[in-house]
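Single-letter residue listing:
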Amino acid sequence: NFWRQFGMSGTLEFVIPLCREDLLKQRDSCSYVVLDAPSESELMSKIDDCRTAFSENGPSAILECFNIFYGLIKSYNEVIPSVRDTYWDVAVNAVADAYRHLAEDEDLASLEPLKKHEERNVLKMLVYALVQLVEEAVNTSYLQPPSATQAPPTKGHKGKKKGGAVRGEVEGGGLDWRGEFGHVVQILYQLLQLDLQQLWDPPSVTVMEDFTNLVANACYKLCEVPALAKDKALRTDLFLVLGTVGKRYNQPLSVALKMLQLLQSFEHLVTPLAQGTEVLVNSCSAGCIIVEMVNELGSKDPRDLSLDTSGTKNFAAFLVEMAQCVPNAVLPVVTSLLPHMQGESHFMRNGVLGVFGELVVQLLSGSELSDQQRNTREQLLDNLQNHIHDVNAFVRSKALQIWTQLCQAKAIPLARQMPVLELGIGRLLDKSSNVRKSALQLLTEYLAGNPFSSKLSEQEFKERLVIEEGRLKSALPSEPITGGGEAQAIGGLEQTGAIKSDCLHDGNDQTRMEEVAKQMAVIQYLRHALSFTQSMSQCIPVAAKLLGSKVTSDIFESLCFISVAVQFRIKGASECLRHALGLIWSREQQICDALVSTYCRVYLTPTQGQDETTELTNNLLSLVDGATCSELASLEKLLGSLPQSTLPPSVEKQLWDLFKRTTHQSRAQNARNALLILSMVSDRTSVHSHLEALVQRGLDTRGSPDLTLAKHTCTILRKFLSTKKKKGSASEGAEKPVRLAPDHPLFHQLVTLMVVHASNPHTLQWCPFAEQAVSTMYCLAEHPDKICASLLKALAARVLGTRQSSGGDEEVDMGAPLAASSQDPSQKVESSAPPPVNPLFLSRLLHVVGHVAEQQMIHLEVSISTELKRRSMVEEEEEEGKRRKGQGTKGQSTQQGELSKTPKTTGPKRRPVSAKKHQDTTSDQSTAEEMGLSGATAEDVEAEMMKRVCEQEVMGTGLLASFEPVIVGVVVSPSLYPCPALQASAALALAKFMLVSGPLCDKYLQLLFTILEKSSLPVVRANAIVSIGDLAFRFPNMIEPWTPHIYARLQDSDTVVRRNTLTVLTHLILNDMVKVKGHISEMVMCLKDSDCQILELAKVFFRELSQKGNALYNILPDIISRLSDPQRQVAQDDFQDVMRYLLSFIRKDKQNETLIEKLCHRFQIATTPRHSRDLAYCLAQLSISEKGVRKLQESFNSYKDKLQDDEVYSSFSALLGRAKSSAKPEAKATVEELESKMLQAHTKGLEEGGGASQPPQGQAGSGAGSKAVTASEGPSVEDEKEEERTQKPEPILPKKTKAKRSKKLSTQTSRKPLAEKNCDDGFDSDDDFKMDALSSARKIPLSSKVTKTKRRVAPLVYKEELDDVL
């Protein structure tokens, strides 16, 4: 046997090897050596022999069979799974038997030396074999790909059911390795509980270190598998074994080092090892292992930690989780981690800070702390507070997060609360979004858990503080206090916290002392509360600013903070949350959802103990009270985004009751607000049921009517009673419109309110109400043109001073339409000049006239056209039904012999009603239908017909046309009619007339641009530019020659005019109604406008333009040339700021390379040093690739003479510096070569004294290269300047757009219109202005051809309400 082959029985020792191959080498005569390990083919034949040996001899059979297990371990992967599993069962059972055998011997120390020797070797050989099998099984089953290592299950395992499987087997064959490993670990743990050291000589745990390390290695190997390490039961057993090795066998350092090595290599072990430390401390009392681990981490070199990022992350996360699990074990050695607070690795700093926070929360947050614990807490909190200003943003964010956790746990001492709060407020403007997010979270938690009050009103705290200080003064001694005033006495008392007995009237009045002490505490509390409230109020403007951030987390956390601030009544929070309503239009659904959730939480969540309906109603009313138009629109969209059942039906019912209530208890403002909310949350059925109440209450004509309420009533009526088309549906336009009869009380009330109060100067809301009233008539009335014709006659009669024969209240005749009127209101004006009317009343009349013209156009082109389509669709459906019915009866007719019946002639389909009314187009339409063109062609015919009606009937011979002389007369006579409201209304009405009729637009377009250029009233210019934007959508070909004059308004002196101009141009350009030309450089300078709204609008425009293909890229060279033109005198700082912003949108490599080439060639025509510096600065802002470097190298001759300028050279150096840092090694040589060439050119230029700095102005582009650039890039800047100087268009003249740039312009000056004689001095007289403007409109040869354009549903309107002027 094993012992006899060496002839030295009883003296042979099994030495646990460091590596497996050492067992094949004999160290000395007493060490065991494996002589004949079987191969993989021999292992199957030895299974029965091995099993028989263990069944007969027990665990001692390992002495003879170890070589078999060694052969299995050596060729484990080549052996089939069934053989491996058999040997596994034999080894596990043998170790279990060895444990039972040793456990039966109560006193291992009493064994004979030879017996001890045998038992020791048997134990070591069995455990070694089992551990080696565990490692091989782990490698094969978990740590290697299954396809490469696992063989298919044998027949013996196939077909086993789960219910009948033995231990360690799973359904389908094979072993359940997780259960097998758990069983092995339990056996090893039971072995370690025996007094095994008695088997060694001498009996000491030190001499058996190799055996305990062997057992621990099995545990370490199992920890490497994520699935096994996360198994709670197996993990507990593993750490019981490791705790026993560390505690009982005195190897804590060895276990700690090995655990840290595993932690450094395997990220998945962070949480399992941290949870395992709890087993070590609580179940094994092995806190010494925790101490060794913390000390070892504290002694690591910070520089090494900064290099190993992955391992350091694991260490930091493990420290934090370990502090959560076993804080008592970490606290005594936490000071060993302090050196890492000054280390280079921010991961380790974050981990140590996290440990500090956990220790304070779990152990150092109580009030009953010893002095040593208080000192430790102060030291830890000092580190946390100092690192709020850490140089690394991640550490700053982590420090703020820890303070948030401390605030949630109420673990911040009172003395530190305000300093930490101030530090958190200071981090709101941090450059890192993570820090800002953490700071907002800290402030939100501070506010939600404040110890002062649920309503933090700054005013209330101030008032209470004054009262309490007065009470304290009355409690102080009446004698005068020397050495200072009463304030010093109060301060001294508050600082010392006690009152001396000699300061009181009675030397021993203890009760009075207690009262004064309590009063001092109250004052101190109020002062802290006031300071806290003021600090929170300071955060509101910063949070409002963060709502406009591009970072989503800033918006989310700001909304959360503001919502909490609103609930605590922080000053300015409600206004800030109302301004946040604009976020509902965000393109990111997450932001919209966050805003809706915030409003639901703040305003639509009832408070316990209060009436839910009343509270929600009052909250909704507070939202619309004082809201602007944009805020109301945003609120409507927000309420429309609410989930269903958010608002109970009782809220809507209470709002209707509030609107209909007429008692003195209900204020008028509440009724208006209730109606506004109803317009947002009601449906059509509800409005129909309350129609009578809306007419009687909302349009009440008795007494002094509320025109604001009437305006809101018109809004809700038009919104819910009008027919809504379903876009994209097949049945679009098939729904019959809801129209009310002309004699409905609704229209009578509207007309009465408008006519009666038109001459009342105190009704400031008349114009807004009149617009809504007219729109409501056209939306709901059966014949709105007749009602509005009667309205205009009644208004003209009242405003112009005429009365009807009745002499009382006017009875308005609603029977005459706009297109056929026998009465001309302008005839009343022609008899007197100036007309004896009130300018304000006349302005109201013209305001309504213009709005009626606009609504009549919309009525014809939208409502009438839709109705024609609907009727045509109905007729087609009826014909289709008849045709199908005829096909169904055809067979029966044939059988009855009715073949002699005349068949129907096939022909075109039935035409719409509009075609029947106009017989002149019937033949053309029929022909188009026969050719298959009945779709778009029919619509075009209808559009032309509507256009002809607008031009010939509405604005040609109708009632509205009679107002044209009045409007033009007011517009061309600003000195005769100086009233701003009248001028604004007349200009607006003229623009709307032009919008309706193409000939009128052609006739008065020059007059409108003259008003835009020369009117002294900003409101007139602001309205005119918006009207021109509407005209550009409807008549683009007419407006296109006047485009330069639109751009010129960007330089207007009035902010509103500039803002409206920028808005109009943004809409026109982004909707492709105006081509992006060189004039866009005027819009670029809006990026430096003094008005913040204009600046933001300009940023939005260029951001949207950059997303429209290559639109921005194509115009950048021209923008650079125009802005760098010396005649424009653009400041260099402004130029650099603007170009830095624009060039940030150029992200494609191809675009950057092309721009580099173009800008390099433009150096040849740079005539001034400033021009060269601007070009070089633009180059420096571009991202450069290897191709870009080659472009620079190829164009070196174009700019080498400009490199003598220091600024030009520094810009090129910065560009090459970026290229060098990102270039590949093989491309760096090219960059370095170009750098040396630039340095040489720069040095040479400086030595020559700038002799070759700039070419002569006349020879700037004389070379062949310059001609090539000019030919490829278009005319030079000088040619464009000469063209502009030759042409010189006046403000009211359109620019010729078809003239080619290359053609020489004629030097003959064309005849100028008389209206331009005094362009600089203003108007000489009204008559001259009138005659010149009208005559010039006929003399200037404008394009009379109007191209068919897409119809607009409604013009773009940004008109300013005239009541603001009044």
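Residues numbered from 1 in each chain as written. Predicted model: local features only at pLDDT ≥ 70, side-chain atom pairs only at ≥ 80, totals over all residues. Heavy atoms only, no water.

**Description of the overall build of the protein**
When you go through the protein residue by residue, the secondary structure sums to 64 helices and zero strands. The buried share of the protein, taken over its 1366 residues, is 50%. The long-range share in the protein, meaning contacts at least 24 apart out of those at least 6 apart in sequence, stands at 74%. When the accessible area of the protein is evaluated, it comes to approximately 65,900 Å², of which 49% is carbon and sulfur surface. (Helix = DSSP H or I, 4+ residues; strand = E, 2+ residues; numbered from the N terminus. Buried < 20%, exposed > 50% of the residue type's maximum accessible area, 1.4 Å probe, protein only. Contact = heavy atoms within 4.5 Å. Areas by Shrake-Rupley, 256 points an atom, 1.4 Å probe, with all protein chains shown as cover.)

**As for the nonpolar core**
As a rule of thumb, nonpolar side chains are buried together in soluble globular proteins. Counting residues in each nonpolar core, the largest one holds 389 residues, and the members touching the most others are Phe66, Phe1102 and Met1139. Beyond its immediate stretch of four places on either side in the chain, Phe66 contacts Phe14, Leu23, Tyr32, Val34, Met125, Tyr128 and Ala129. (Core = buried A, V, L, I, M, F, W, Y, C linked by side-chain atoms within 4.5 Å.)

**Here's the deal with a negative patch on the surface**
A surface patch of negative charge is lined by Glu876, Glu877, Glu878 and Glu879. When you line up the elements, Glu878 lands in helix H39 (residues 839-888). For Glu878, a relative accessible area of 45% gives the class partly exposed. (Patch = residues over 30% accessible without salt bridge, like charges linked within 9 Å, V, L, I, M, F, W, Y side chains within 5 Å. Salt bridge = Lys/Arg side-chain N within 4 Å of Asp/Glu carboxyl O. Lys, Arg positive; Asp, Glu negative; His and termini not counted. Charge placed at Lys NZ, Arg CZ, Asp CG, Glu CD.)

**Focus: the pattern of salt bridges**
Inspection of the entire model under this criterion finds 44 salt bridges. For Lys124, the salt bridge goes to Glu13, with nearest N and O atoms at 2.7 Å. Pair noted here: Lys124 is in helix H5 (residues 113-141) and Glu13 is in the segment before helix H1 (40-43), with a separation of 111 residues, a long-range link. Taking the shortest distance from any N to any O, the salt bridge between Arg1058 and Asp1089 comes out at 3.0 Å. Linking Arg1058 in helix H50 (residues 1055-1070) with Asp1089 in the loop between helix H51 (1080-1084) and helix H52 (1092-1106), this pair joins segments that are 31 residues apart in sequence. For the pair Arg1058 and Asp1089, one class covers both residues: buried.

**What to know about the packing of aromatic side chains**
A complete count under the given rule lists 22 aromatic pairs for this structure. A ring pair is formed by Phe1163 and Phe1212, whose centres lie 5.8 Å apart and whose planes are at 45°; its orientation type is tilted. Within this pair, whereas Phe1163 is found in the loop between helix H55 (1149-1162) and helix H56 (1169-1180), its partner Phe1212 is found in helix H59 (residues 1206-1222), the two being separated by 49 residues in sequence. Under the relative-accessibility criterion, Phe1212 is labelled buried at 2%. Ring centres of Tyr1199 and Phe1212 lie 4.5 Å apart, and the angle between their planes is 15°; this geometry places the pair in the stacked category. Of this pair, Tyr1199 sits in helix H58 (residues 1196-1199) while Phe1212 sits in helix H59; the two residues are 13 residues apart in sequence, bridging distant segments of the chain. By the burial criterion, Tyr1199 is buried, and Phe1212 matches it. Taken together, the ring pairs in this structure connect Phe14, Tyr32, Phe66 and Tyr128 into an aromatic cluster. Residue placement shows Lys1237 over the ring face of Phe1196; its charged tip is 4.6 Å from the ring centre. (Phe/Tyr/Trp six-rings, centres within 6.5 Å; stacked < 30°, edge-to-face > 60°. Lys NZ or Arg CZ within 6 Å of the ring centre and 35° of its normal.)

**Some details on the environment of Arg416**
With respect to the helices and strands, Arg416 occurs in helix H20 (residues 414-426). For the pair Arg416 and Leu381, spaced 35 residues apart in sequence, the C-alpha to C-alpha distance is 8.9 Å. In this structure, Arg416 is in contact with Glu378, Leu381, Asp382, Gln385, Trp403 and Tyr446, ignoring residues within four places of it in sequence. Within the local environment of Arg416, its side chain forms a polar contact with the side chain of Gln385, the two groups lying 2.6 Å apart. (Polar contact = N/O pair within 3.5 Å; in protein donor to acceptor, adjacent residues only side chain to side chain.)

**Topic: the confidence of the model for the protein**
In this model, the protein carries an average pLDDT of 77, and 77% of its residues clear a pLDDT of 70 or more. Here residues 1-9 is modelled with pLDDT under 50, and outside its nearest four sequence neighbours on either side it reaches 17 contacts, counting other chains as well. Segment residues 820-834 is flagged for pLDDT under 50; beyond a separation of four residues in sequence, or across chains, it makes 19 contacts in the model. (pLDDT = per-residue confidence, 0-100.)

**Quick notes on the environment of Ala693**
Checked against the element boundaries, Ala693 lands in helix H33 (residues 691-698). C-alpha of Ala693 to C-alpha of Lys660: the two residues are 33 residues apart in sequence and 6.8 Å apart in space. Beyond its immediate chain neighbours, meaning those up to four positions away, Ala693 contacts Phe659, Lys660 and Gly698.

**Remarks on helix H28 (residues 612-624)**
A rise of 1.5 Å per residue sets the reference length of H28, with its 13 residues, at 18 Å; its end C-alpha atoms lie 19 Å apart and thus fit the reference within 8%. For H28, the complete set of buried residues consists of Thr613, Glu615, Leu616, Thr617, Asn619, Leu620, Leu621, Leu623 and Val624. (Expected span 1.5 Å × (residues − 1).)

**Some remarks on the packing of helix H36 (residues 766-780) against helix H37 (residues 784-799)**
Two numbers describe how H36 lies on H37: the axes approach to 8 Å, and their chain directions differ by 150°. For the element pair H36 / H37, the angle class is roughly antiparallel. Seen along the crossing, H36 lies across H37 with a hand that is right-handed. Counting all contacts with H36, which are made through Trp766, Val774, Met777 and Tyr778, the residues of H37 involved are Pro784, Asp785, Ile787, Cys788, Leu791 and Leu795. (Axes fitted to C-alpha atoms, helices over the stretch in contact; angles between N-to-C directions. Parallel < 35°, antiparallel > 145°, perpendicular 65-115°, else oblique. Left-handed = near helix turned anticlockwise from the far one by under 90°.)

**Considerations on the side chain of His847**
Here His847 lies in helix H39. Here His847 falls in the buried class, since its relative accessible area comes to 5%. A distance of 2.8 Å separates polar atoms of two side chains, one belonging to His847 and the other to Glu771.

**Considerations on the packing of helix H45 (residues 980-996) against helix H46 (residues 998-1014)**
Where H45 contacts H46, the two axes come as close as 8 Å, and the packing angle between them is 150°. The chirality of how H45 crosses H46 is left-handed. Listed contacts from H46 to Leu990, Phe993, Met994 and Val996 of H45 are Gly998, Leu1000, Cys1001, Tyr1004, Leu1005, Leu1007, Leu1008 and Ile1011. Among the residues forming the contact of H45 with H46, the class breakdown is eleven nonpolar, one polar and no charged. (Nonpolar A, V, L, I, M, F, W, Y, C, P; charged D, E, K, R; others polar.)

**Describing unusual backbone geometry**
In most cases, non-glycine residues show a negative phi, while peptide bonds are predominantly trans. One non-glycine residue, Ser285, adopts positive backbone phi at about 55°. Relative to the assigned elements, Ser285 resides in the loop between helix H12 (270-282) and helix H13 (287-298). Overall, Ser285 belongs to the partly exposed group, its relative accessible area being 49%. Phi angles above zero are rare outside glycine, and Arg569 is one such case at about 60°. Within the element layout of this structure, Arg569 appears in the loop between helix H25 (552-567) and helix H26 (573-579). For Arg569, a relative accessible area of 48% translates into the label partly exposed.

**Describing the environment of Lys1148**
Looking at where Lys1148 falls in the secondary structure, it is placed in the loop between helix H54 (1132-1143) and H55. Note: C-alpha distance between Lys1148 and Ser1183 (35 residues apart in sequence) is 9.0 Å.

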